[in-house]
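A structural walkthrough
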Amino acid sequence: MIETIVLDVGETLIRDDRYWQSWADWLDVPPHTLSALVGAVVVQGRDNADAVRLVRPGIDIAAEYAAREAAGRGEVLDERDLYADVRPALGALRELGIRVVVAGNQTEKAATLLRALDLPADLVIMSGEWGVAKPAPEFFARVLEVSGAGPQSTLYVGDHPANDIFPARAAGLRTAHIRRGPWGYWWADDPEVRAAADWSINSLTDLLDIVAR
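Let me sum up the structure you'll find in this document. (Residues numbered from 1 in each chain as written. Predicted model: local features only at pLDDT ≥ 70, side-chain atom pairs only at ≥ 80, totals over all residues. Heavy atoms only, no water.)

This next bit is on the sheet that holds strand E2 (residues 99-104). Spatially, six strands are ordered E3-E2-E1-E4-E5-E6 in an open sheet, and the strand pairing comes out parallel. The open sheet terminates on both sides in strands that have one partner only, identified here as strand E3 (123-126) and strand E6 (199-201). Between one strand axis and the next, the sheet turns through 20 degrees on average, direction left out of account. In this sheet, E3 lies alongside E2 in parallel orientation, the contact comprising four bridges. Bridge pairing links glycine 104 to methionine 126 in E3. Against the sheet, helix H9 (residues 161-170) engages strand E4 (154-158) and strand E5 (174-178), with an angle of about 160 degrees to E5. (Pairing = 2+ DSSP bridges. Helix = DSSP H or I, 4+ residues; strand = E, 2+ residues; numbered from the N terminus. Axes fitted to C-alpha atoms, helices over the stretch in contact; angles between N-to-C directions. Contact = heavy atoms within 4.5 Å.)

Dropping the structure here:
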């Protein structure tokens, strides 16, 4: 029985459109160019930040992130960035008595912005606050600490095989791979991903059927 559902953020709860648009604007390249490069690194199984490194070789992404923030062109996140199924699905899960946790690879600022959206979740916590990021085993150990349930009663939902599905399964959690965003669509039918995921879903509303079983 699933007691707790833990959700990734990027391309699970929020669309990354504006994120990549902002990087394209900052790097002074057409948005479609950066989007194409994101797709290219995704199909190679690489870090999507490599798209930025292809545009500007040798870039220090952390330093550039700080420069964007200082220029008033840093992270933004509001209701427009949420996928349409987020509020209804999370709200329905909580009504069923499921503990809902949001835990992804995001900055402390992103955590603050997400909390400001007042999502129907019991906890919103990011890797930037924990000081450890996916796919490190320590991240999923922290997930289990806050889940309030055992590994087999905790379901981790995400789009990224290497960051979400494989390490969550290795930590003993149940897993659901969502067909959403570049990673989700490209890897949805990969045999290894299918084998590692307990469920493959097309929408967060599919989680309601899973917990009802």
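Moving on, we come to the packing of helix H1 (residues 17-27) against helix H2 (residues 31-43). Interhelical geometry of H1 versus H2 gives an angle of 120 degrees and a closest axis separation of 9 Å. Considered as vectors, H1 and H2 are oriented oblique to each other. Judged by the sense of rotation from one axis to the other, the crossing of H1 with H2 is right-handed. The segment H1 lies against H2, with Trp20, Gln21, Trp23 and Ala24 engaging Pro31, Leu34 and Val38. Here the residues of the contact of H1 with H2 are counted per class, giving six nonpolar, one polar and no charged. (Parallel < 35°, antiparallel > 145°, perpendicular 65-115°, else oblique. Left-handed = near helix turned anticlockwise from the far one by under 90°. Nonpolar A, V, L, I, M, F, W, Y, C, P; charged D, E, K, R; others polar.)

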